[in-house]
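The residues making up each chain are set out below.
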Amino acid sequence: MAPAASGDRGGLKSLVWQKLKAAVFDDCRKEEEWKIILLDDFTTKLLSSCGKMTDLLAEGITVVENVYKNREPVPHMKAIYFITPTTKSVDGLINDFVSKSSSKYKAAYVYFTDFCDDKLFNKMKSSCSKAIRRCKEININFFPYESQVFTLDVPNAFYRCYSPVIEKTNDSVLEQIAEQIVTLCATLEENPGVRYRSKPLENASTLAQLIEKKLENYYKIDDRGQVKGKTNSQLIIIDRGFDPVSTVLHELTFQAMAYDLLPIENDTYKYKTDGATGKEKEAILEEDDDLWVKIRHKHIADVLEEIPKLMKEVSSKRKATEGKLSLSSLSQLMKKMPYFRKQITKQVVHLNIAEDCMNKFKSNVEKLCKVEQDLALGMDAEGQKVRDSMQVLLPVLLNKNHDSYDKIRAILLYIFSTNGTTQETLDKLIQKVQIENDSDMIKNWKYLGVPILTTSPSQQRRPPRRDRSSEETFQLSRWTPIIKDVMEDAIENKLDSKDWPYCSQCPAPWNGSGAVSARNKPKTSHVDERKSGSKLIVFVIGGITYSEMRCAYEVSQAHKSCEVIIGSTHIVTPRRLLDDVKALTVAKSKDTVYFKNE
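Everything numeric in this text was worked out from a predicted model, so none of it was measured. (Residues numbered from 1 in each chain as written. Predicted model: local features only at pLDDT ≥ 70, side-chain atom pairs only at ≥ 80, totals over all residues. Heavy atoms only, no water.)

Novice: Mind showing me how you'd approach the pairing of strand 9 (residues 233–239) here?
Specialist: Remember that side chains alternate between the two faces of the sheet whenever the strand is regular. In terms of burial, strand 9 is a largely internal element, seven of the seven residues being buried. Residues Ser 233, Leu 235, Ile 237 and Asp 239 line one face of strand 9 and the alternating positions Gln 234, Ile 236 and Ile 238 line the opposite face, and both faces are buried. Sheet analysis places strand 9 next to strand 12 (residues 534–541), joined by seven bridges and oriented parallel. When the sheet's bridge partners are listed, Ile 237 is paired in strand 12 with Phe 539. (Buried < 20%, exposed > 50% of the residue type's maximum accessible area, 1.4 Å probe, protein only. Helix = DSSP H or I, 4+ residues; strand = E, 2+ residues; numbered from the N terminus. Pairing = 2+ DSSP bridges.)

Spelled out as structure tokens, the structure:
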């Protein structure tokens, strides 16, 4: 299982674990009594995201089982069922108590992740009510991915929300997403003001209104019989098409770069310490690795400088080695000094990642980055305006070392920079790069509300951005994700209410500057008055990037009065998103677009 967040590290992981502990484990605790816990696929992943097996042992859990699978009966033990309120999971519970003589366990303590509808509840009640000692809904239906990042783990929502092929029943998708987001708010104990980006599509508006309605119902009456008003927090809903640039640009900060360039699956990085012939090892990139937390948002140049320093520092303390360190010498050092191995493993892992990234960077990515930055910003590193975007793009298309994904990413940045291109130009570009089979990776962006085809391309219609000229940046990392502007503008009350309307009562300290007249304009002291501990929650329909995740931490660090939490249906890398965009026009069977509650 994943690292426990029940220690000192705060954030969402710790919060979810504490809520699970109080709502589930403490609720059915009995001294010196061991229990079995039954999980389904969703709750297995949820529990793994915030707790270790050792944490479960401390709570009196001796065995973890899958509710879907056949199991040996243990009739002398009680069982906790922590499951989603779905037919499949409830059937798994019912099958364990078909009759008293064949019951698998002594009793059942049932905890649903969220609301269980009457039909399912009555089915369970009529089948095995005598075996059930507890039945509660605990309202946790999201995954804490990092201390300030959550996902709903519904990647198929992208197809359901944006595909022109599927029958437009995406309200049911948005309905489920809204329910999941309300459980996040409940876990945070927040009833936020809800607002949304009014363009480019209607999804954000629809979802925001659904969330507000469900928040009203959820907070109608609290435990003390009181109506809970709006808390000092804000929830902003955005459609993925609001910033296409950040989804395809090559990022050079450590986490974003690694997930883009290296085959990291399920947060697991595979590496060899003794060259190509060495034994393959695995490392999980997670928050109980303090070094990973320290360097994941740093630029690759800073990481390459920092890790060898740390390694040298640790090694010199043991007087184990002198001079320049290499992976092979460190490998030898580890073999000779077993007790020293743990201290140096993390540095070796991250140096391997950094070196792998740099090998890719030097071979291809470096040349791409300058072109991408110039196209994204419309100016070069010297501040000179790009006068002919096509001239900037062509060298990438003519370079045989760049693969088709990289060329498609560059073509998209060219199109985004001109707010669309002509059919004739697009056809020529597709033909030149010979990507006829992948052309939908470009064309299908229109379904996300992004202009792809136009009769008169123009470079003049760029949305206004925050001035970051005084900020220190690397020449190949000048682009800042638009979501960072949104976060900062929201905290400083600078979001225009015409573009970012509220669909709920607005908490006083969050009054948008565009929402009031000059006479009633909120005082600047509102930001100062905002209680420390207020939260800004940003949710993107259709995936967030690792660079956008980084922005939540950067803005929270800069604005101490407000913690920013970012989330989405899922997390995307450029390649994965392009595959998903291409698939939007592919007809799929009902089974492959199945949504969790259907």
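Now, onward.
Novice: For this particular structure, what's the right way to read the sheet that holds strand 1 (residues 35–39)?
Specialist: Strands belonging to one sheet form pairs held by backbone hydrogen bonds; the direction of such a pair is parallel or antiparallel. If you trace the five strands from one edge of the open sheet to the other, you get 2-1-3-4-5, paired in parallel fashion. Among the strands making up the open sheet, the edge pair consists of strand 2 (61–66) and strand 5 (132–137). The sheet shows a mean angle of 20° between the axes of neighbouring strands, taken without regard to direction. Inspection of the sheet shows strand 4 (residues 105–112) paired to strand 5 by five bridges, in the parallel sense. In the strand pairing of strand 5, Ala 108 is matched with Ile 132. Of the strands in this sheet, strand 1, strand 2, strand 3 (74–83) and strand 4 touch helix 1 (residues 12–25), which is tilted by about 135° from strand 3. (Axes fitted to C-alpha atoms, helices over the stretch in contact; angles between N-to-C directions. Contact = heavy atoms within 4.5 Å.)

Novice: Would you explain the sheet that holds strand 13 (residues 562–568) in this entry?
Specialist: In space, the six strands of this open sheet follow the order 6-7-13-12-9-8, with mixed pairing throughout. Edge positions in the sheet fall to strand 6 (143–146) and strand 8 (193–196), since each of these pairs with one other strand and no more. The average angle at which neighbouring strand axes cross in this sheet is 25°, direction not considered. Helix 21 (residues 546–558) contacts strand 6, strand 7 (149–151) and strand 13 of the sheet and is inclined by roughly 165° relative to strand 13.

Novice: For this particular structure, what's the right way to read helix 5 (residues 118–128)?
Specialist: Since there are 3.6 residues in each turn of an α-helix, residues three or four apart along the chain are aligned in direction. When we look at burial in helix 5, the residues that qualify are Leu 120, Met 124 and Cys 128. Take helix 5 and look down its axis: the buried residues cluster within an arc of 35°, on one side only. The exposed residues of helix 5 that point more than 90 degrees off its buried face are Asp 118, Lys 119 and Ser 126. Those residues of helix 5 that are buried are in contact with helix 4 (87–95), strand 4 and strand 5. (Arc of directions from axis to C-beta.)

Novice: What's the story with helix 19 (residues 482–491) in this structure? I'm lost.
Specialist: For helix 19, a buried count of 10 out of 10 residues is recorded, marking the element as mostly surrounded by other parts of the structure. Buried within helix 19 we find Ile 482, Ile 483, Lys 484, Asp 485, Val 486, Met 487, Glu 488, Asp 489, Ala 490 and Ile 491. Looking at the residues trailing helix 19, positive phi occurs at Asn 493, about 60°.

Novice: Please explain the packing of helix 10 (residues 254–261) against helix 21 as it appears in this structure.
Specialist: For any two helices packed against each other, the geometry comes down to the angle between their axes and how far apart the axes lie. Where helix 10 contacts helix 21, the two axes come as close as 8 Å, and the packing angle between them is 165°. As summarised for this structure, helix 10 and helix 21 are arranged roughly antiparallel, according to the angle between their axes. Crossing geometry of helix 10 relative to helix 21 is assigned as right-handed. Residue-level contacts link Gln 255, Ala 256 and Tyr 259 of helix 10 to Tyr 546, Ser 547 and Met 549 of helix 21. (Parallel < 35°, antiparallel > 145°, perpendicular 65-115°, else oblique. Left-handed = near helix turned anticlockwise from the far one by under 90°.)

Novice: Help me understand the packing of aromatic side chains, please; the structure alone is not making it clear to me.
Specialist: Two measures describe an aromatic ring pair: the distance that separates the ring centres and the angle between the ring planes. Under the criterion given, the structure shown has 12 aromatic pairs. Plain terms: the ring middles of Trp 17 and Phe 25 are 5.9 Å apart, the flat faces sit at 40° to each other, and that makes the pair tilted. Grouping residues by exposure puts Trp 17 and Phe 25 together as buried. Seen from their ring centres, Phe 416 and Trp 445 are 5.5 Å apart, and the 75° between their planes marks the pair as edge-to-face. Of this pair, Phe 416 sits in helix 16 (residues 404–417) while Trp 445 sits in the loop between helix 18 (440–443) and helix 19, and the two are 29 residues apart along the sequence. (Phe/Tyr/Trp six-rings, centres within 6.5 Å; stacked < 30°, edge-to-face > 60°.)

Any link to function would need more than the numbers given here.
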